[in-house]
Amino acid sequence: MADIETARATFERFDADGDGQVTPDEFKRAMAELGDPYVTGPMAEAVIHTKDTDGDGLMSFDEFWASLEG
């Protein structure tokens, strides 16, 4: 990601309900819409888990951004 605005736009594609958090279901759904229908529930949970630094089971924008920076 080149900049924070691009990252925020990408994050918003995953945050279907606009609450500022991406759930595993939202991640799975967004991946299917982006052309990857093979992401399963457990796969989505694993991806969210790797980015979830506060342990709430969700991915916030700050966690998403930090994962891009690191």
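What you see is a predicted model, and the numbers here were worked out from it, not measured in a lab.

Asks: What should I look at first to understand the overall build of the protein chain in this one?
Replies: Of regular secondary structure, the protein chain possesses 4 helices and 2 strands. The order of α-helices and β-strands along the protein chain, N terminus first, is α-β-α-α-β-α. Taking 2.2 N^0.38 as the reference for a compact globule, 70 residues should give roughly 11 Å; the C-alpha atoms of the protein chain span a radius of gyration of 11 Å, in line with that estimate. C-alpha extents for the protein chain along the principal axes are approximately 30 × 25 × 20 Å.

Asks: Honestly, helix α2 (residues 24-33) in this entry has me stumped. Any pointers?
Replies: An α-helical turn contains 3.6 residues, so a residue and the one three or four places further along point in the same direction. Every buried residue belonging to α2 is among Pro24, Glu26, Phe27, Ala30 and Met31, and all of these are buried. Across the axial projection of α2, the buried residues extend over an arc of 160°, all falling on one side. Seen from the open side of α2, the exposed residues pointing more than 90 degrees away from its buried face are Asp25 and Glu33. Elements in contact with the buried residues of α2: α1 (4-14), β1 (21-22) and α3 (41-51). Looking one or two places after α2, you find glycine 35, whose phi comes out positive at around 105°.

Asks: Would you mind going over α1 with me for this structure?
Replies: Listing the buried residues of α1 in full gives Ala7, Phe11 and Phe14. On an axial view of α1, the arc spanned by its buried residues comes to 50°, and they lie on one face. For α1, exposure combined with an orientation more than 90 degrees from the buried face picks out Glu5, Glu12 and Arg13.

Asks: Whenever I open this one, the environment of tryptophan 65 confuses me. Can you help?
Replies: Turning to its location among the elements, tryptophan 65 is positioned in helix α4 (residues 61-69). As for tryptophan 65 and glutamate 5, which are separated by 60 residues in sequence, their C-alpha atoms are 10 Å apart. Apart from residues no more than four positions distant in its own chain, tryptophan 65 is found in contact with Asp3, Ile4 and Ala7.

Asks: Any chance you could explain the packing of aromatic side chains here in plain terms?
Replies: The description of two aromatic rings rests on the distance between their centres and on the angle between their planes. Counted under the stated rule, the structure contains 5 aromatic pairs. Between phenylalanine 11 and phenylalanine 61, the ring centres sit 5.6 Å apart and the planes meet at 80°, which makes this aromatic pair edge-to-face. With phenylalanine 11 in helix α1 and phenylalanine 61 in helix α4, this pair connects stretches of sequence that are 50 residues apart. Phenylalanine 61 carries the same exposure label as phenylalanine 11, and that label is buried. Geometrically, the ring pair formed by phenylalanine 14 and phenylalanine 27 is stacked, given 5.4 Å between the ring centres and 20° between the ring planes. With a gap of 13 residues between them, phenylalanine 14 in helix α1 and phenylalanine 27 in helix α2 connect regions that are remote in the sequence.

Cut-offs and rules
Residues numbered from 1 in each chain as written. Predicted model: local features only at pLDDT ≥ 70, side-chain atom pairs only at ≥ 80, totals over all residues. Heavy atoms only, no water. Helix = DSSP H or I, 4+ residues; strand = E, 2+ residues; numbered from the N terminus. Rg over C-alpha atoms; globule rule 2.2 N^0.38 Å. Buried < 20%, exposed > 50% of the residue type's maximum accessible area, 1.4 Å probe, protein only. Arc of directions from axis to C-beta. Contact = heavy atoms within 4.5 Å. Phe/Tyr/Trp six-rings, centres within 6.5 Å; stacked < 30°, edge-to-face > 60°.

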